[in-house]
Amino acid sequence: DTAVSQTPKYLVTQMGNDKSIKCEQNLGHDTMYWYKQDSKKFLKIMFSYNNKELIINETVPNRFSPKSPDKAHLNLHINSLELGDSAVYFCASSQDRDGPGTQYFGPGTRLTVL
Amino acid sequence: EDKVVQSPLSLVVHEGDTVTLNCSYEVTNFRSLLWYKQEKKAPTFLFMLTSSGIEKKSGRLSSILDKKELFSILNITATQTGDSAIYLCACKAAGNKLTFGGGTRVLVKP
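Residues numbered from 1 in each chain as written. Chains lettered and ligands numbered in written order. Predicted model: local features only at pLDDT ≥ 70, side-chain atom pairs only at ≥ 80, totals over all residues. Heavy atoms only, no water.

(A) Expanded view of the state of the cysteines. Summed over all chains, the structure comprises two disulfides over all chains. The disulfide bridge from Cys23(A) ends at Cys91(A), spanning 1.8 Å between sulfur atoms. Taking the sign of the S-S torsion, about -75 degrees here, the bridge from Cys23(A) to Cys91(A) comes out left-handed. One end of the pair, Cys23(A), is in strand β3 (residues 19–25); the other, Cys91(A), is in strand β9 (residues 87–94), with 68 residues separating them in the sequence. For the pair Cys23(A) and Cys91(A), a shared accessibility class is recorded, and that class is buried. Note that Cys23(B) is cross-linked by a disulfide to Cys89(B), the S-S spacing being 1.9 Å. Here Cys23(B) and Cys89(B) share a disulfide; its torsion about the S-S bond, -65 degrees, makes the bridge left-handed. Within this pair, whereas Cys23(B) is found in strand β3 (residues 19–26), its partner Cys89(B) is found in strand β9 (residues 85–93), the two being separated by 66 residues in sequence. Cys89(B) gets classed as buried once you look at its relative accessible area, which sits at 0%. (Disulfide = S-S within 2.5 Å. Helix = DSSP H or I, 4+ residues; strand = E, 2+ residues; numbered from the N terminus. Buried < 20%, exposed > 50% of the residue type's maximum accessible area, 1.4 Å probe, protein only.)

Below, the structure written as C-alpha cells:
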C-alpha cells in the first residue's frame, strides 16, 4: 500500500552512462515532482508535472528529461551521467496544482556516479 | 529568487529538553509554509501553515506562522531520542513550486 514508490532505491553507474529512475503514486494525485537532494541535504525542485503536462522546469541540464506516461507515473531519464549528478533523487506527489496542499515524498533513489 | 533560511544549522539537546527551530522566508506569491521531518529516507509531512498566528499542534510538536515578519517556528517539547532528525521548512508559491530551506539537524541524546 505504498503511496509514492521509486525504483531503483540505489543506482551505481559509470560516468557517461544513461540511466532512468521510475516513480509511481497510487494516491490519485494530479501533480508529481522530481527533487534532487545533494550531499549537504539541500532539497531542490527539478520538475513538476500536472496531468502529464510539464508545469515546473527549473534550471536543470537538458541531460535530464522527465517523462509522464500517465498521471500516476513520472520517470526521470538522465543522459551522459556526470560525477556531479551523484545525489538522492526524490519523487513526490500532491493533490492540487495551485493550492496550499502538502506534497508526499517517495523513499528516494541514491545515485552514485563513479 | 525565492529564499528559505533555517536556523540553527544543527543542535544537540538531551532528552526532555525543548527545542525551537526557526524558518524565515522571502517568497513571491506565497501560499503556505510546510514543515517536514527527514530521518533516514524520505521527508515526512508534519505541518502546513497558511494563516498567521494560528498554532498547529500535534502531540509534542507545534508550529506557528507570522506572515508579517515572514517566519515560522517549530517547537518540540519533552524531546525524545526518536525526535533526532533533520527538520525541513519549505514554502509553497503559486504554481506549486516548493522551495526548501537547508534544514536543521537535531540530535537528542539520552
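Still more ground to cover, so stick around.
(B) Local environment of the environment of Ile45(A). Along the chain, Ile45(A) turns up in strand β5 (residues 43–50). Considered as a pair, Ile45(A) and Tyr89(A) are 44 residues apart in the sequence and their alpha carbons are 9.8 Å apart. Dropping the residues within four chain positions of it, Ile45(A) is found in contact with Tyr33(A), Trp34(A), Tyr35(A), Ile56(A), Glu58(A), Lys97(B) and Leu98(B). (Contact = heavy atoms within 4.5 Å.)

(C) Examining the interface of chain B and chain A more closely. At the interface, 24 residues of chain B touch 27 residues of chain A. Both faces combined, the contact of chain B with chain A buries some 2,000 Å², and carbon together with sulfur accounts for 54% of it. At the junction of chain B with chain A, the criterion picks out zero salt bridges. Connecting chain B to chain A are two residue pairs in polar contact (both at pLDDT 80 or more). The set of elements that each furnish at least two residues to the side of chain B that touches chain A consists of β4 (30–38), β5 (44–49), β9 and β10 (98–100) of chain B. Top element by residues in the side of chain B that touches chain A is β4(B). It accounts for five residues. Residue composition of the side of chain B that touches chain A, by class: eleven nonpolar, seven polar and six charged. (Buried area = accessible area lost by both parts, 1.4 Å probe. Salt bridge = Lys/Arg side-chain N within 4 Å of Asp/Glu carboxyl O. Polar contact = N/O pair within 3.5 Å; in protein donor to acceptor, adjacent residues only side chain to side chain. Nonpolar A, V, L, I, M, F, W, Y, C, P; charged D, E, K, R; others polar.)

(D) Representation of the sheet that holds β3(A). Residues and elements named next belong to chain A. On the basis of which strands lie adjacent, the open sheet formed by four strands has the order β1-β3-β8-β7 and antiparallel pairing. Either end of the sheet is taken by a strand with one partner, and the two such strands are β1 (4–7) and β7 (64–70). Going across the sheet, the axis of each strand differs from the next one's by a mean of 20 degrees, ignoring polarity. (Pairing = 2+ DSSP bridges. Axes fitted to C-alpha atoms, helices over the stretch in contact; angles between N-to-C directions.)

(E) Quick look at the side chain of Ser93(A). Residues and elements named next belong to chain A. Inspection of the secondary structure assignment puts Ser-93 in strand β9. The buried category is assigned to Ser-93, whose relative accessible area is 0%. A distance of 2.8 Å separates a polar atom in the side chain of Ser-93 from a polar atom in the side chain of His-29. Those residues in contact with Ser-93 that lie beyond four places of it in its chain are Val-4, Gln-25, Leu-27, His-29, Thr-31, Met-32, Tyr-33, Thr-102, Gln-103 and Tyr-104.

(F) Fine view of the pairing of strand β7 (residues 61–66) of chain B. All names here are of chain B. For strand β6 (residues 56–58) and β7, the ladder comprises three bridges, and the chain directions are antiparallel. Bridge assignment links Lys-56 to a residue of β7, and that residue is Ser-63. As consecutive antiparallel partners, β6 and β7 are separated by two residues, and within that stretch Gly-59 has a phi angle of approximately 65 degrees, a positive value. Taken together, the six bridges between β7 and strand β8 (residues 71–76) define a ladder with antiparallel strand orientation. The residue bridging Leu-65 from the neighbouring strand is Ser-72, located in β8. The loop that links β7 with its antiparallel partner β8 comprises four residues; one of these, Leu-70, has a positive phi angle of about 60 degrees.

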